[in-house]
Structures are given as C-alpha cells and as structure tokens.
Amino acid sequence: MSVTPAQAAQACIDRFGGKTYEPGKRDCAILAAHLLHQYGVSVPVMKGMRYSTEAGAIKALTRTGCADIIAVVDALGLQRIAPAAARTGDLVGLPCDGPWGCALTVAVGNGRVFGFLEGVGQVQIPSAFVAAWRA
C-alpha cells in the first residue's frame, strides 16, 4: 500500500472520528494498528487479540509479554523519534492513567494529534508526550 502520511492520518480520522471509545473495537491500540496497516506495516501482536473491556485489554496486553503499550510498539521495530519531531502520520504516545504506559494517537499536523479524548475520537492539542514513532 502506498499512501502519504497525510492520507494515512486522514484514514484514521475517517474511521474513528466522532465515534465513541469501545475497547477492542475503537481504542488506541486499534487506532494505531489501523494507522500502521495504512503503511503496510504488519502488527502481528494484534492478530487474534480479542477483548471487549478494559480488564480484558489488560489481560491481552499481559499475554503479549510486554510491560506496556510502549514496549509493544517498540517490539514492532518502528523508529523511535522525539515527540517534538513528530510529523503528520506519526504515532504519538500521550500520558494516560492505568497500566498502559501511554495512550496512542496519530499526529495530524500543527502540534495536534487524533485520538480518543473524553471517550470520543477527535483532534486534540496535547499538553504532554510520552513517546513517538515513525513507521
């Protein structure tokens, strides 16, 4: 698949924009996998992963053998970049509560990211960052 970073980011907005957060169907891991799929990057850790609650997602994360989402993304072999260097179409981790390590979002330009905020897929201006990756 040959898409531009802007097209990949827009595909995420088109699929998740305005839709409510639903573990296992519409969450940050599914959002990140969708972005990477746009670039033709395989996400084998998501294959066969099924969960429908936050507790189920924690169990699924535990089964990966990784400590948190940051370790899962690092294991995919993506290039880690400084969050300040994130460009449109990059994966950006924001601080979050819980054992996740971060909430995954997609850089959409001008310092903004697309992800789930207050339970809805939307563009936001983050105030802090945890990590970022380029596919």
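Use the structure listed above.
Residues numbered from 1 in each chain as written. Predicted model: local features only at pLDDT ≥ 70, side-chain atom pairs only at ≥ 80, totals over all residues. Heavy atoms only, no water.

S.K.: Outline the sheet that holds strand E4 (residues 112-117), listing residues and values.
M.R.: One open sheet holds the six strands; their spatial order is E1-E6-E2-E3-E4-E5, and the pairing between them is antiparallel. Edge positions in the open sheet fall to strand E1 (79-81) and strand E5 (120-124), since each of these has one partner strand only. The mean inter-strand angle of the sheet, taken between neighbouring strand axes irrespective of direction, is 35°. In this structure, E4 lies alongside E5, joined through five bridges in antiparallel fashion. Bridge pairing in E5 places phenylalanine 114 opposite valine 123. Against the sheet, helix H1 (residues 5-16) contacts strand E3 (103-109), E4 and E5, and its axis sits at roughly 120° relative to E3. Packed on one face of the sheet, helix H2 (residues 28-38) meets strand E2 (91-94), E3 and E4 and runs near 45° to E3. (Pairing = 2+ DSSP bridges. Helix = DSSP H or I, 4+ residues; strand = E, 2+ residues; numbered from the N terminus. Axes fitted to C-alpha atoms, helices over the stretch in contact; angles between N-to-C directions. Contact = heavy atoms within 4.5 Å.)

S.K.: Report on the layout of surface pockets, specifying residues and quantitative values.
M.R.: Rolled over the atoms, a probe sized like a water molecule indicates the empty space that remains. Within this model, the largest pocket holds a volume of roughly 610 Å³. Around the largest pocket, the lining comprises 38 residues; the ones closest to its centre are Cys28, Ala29, Ile69, Trp100 and Cys102. Elements represented by at least two residues in the lining of the largest pocket include exactly H2, helix H3 (54-63), helix H4 (69-75), E2, E3 and E4. Broken down by element, the residue count for the lining of the largest pocket peaks at five residues, all from H2. Its residues assigned to classes, the lining of the largest pocket shows 29 nonpolar, five polar and four charged. (1 Å grid on protein atoms, 1.4 Å probe; cavity = no way out; pocket = protein on both sides within 12 Å on 5 of 7 lines; lining within 4 Å. Points joined across faces, edges and corners; volume = space filled by probe spheres on them. Nonpolar A, V, L, I, M, F, W, Y, C, P; charged D, E, K, R; others polar.)

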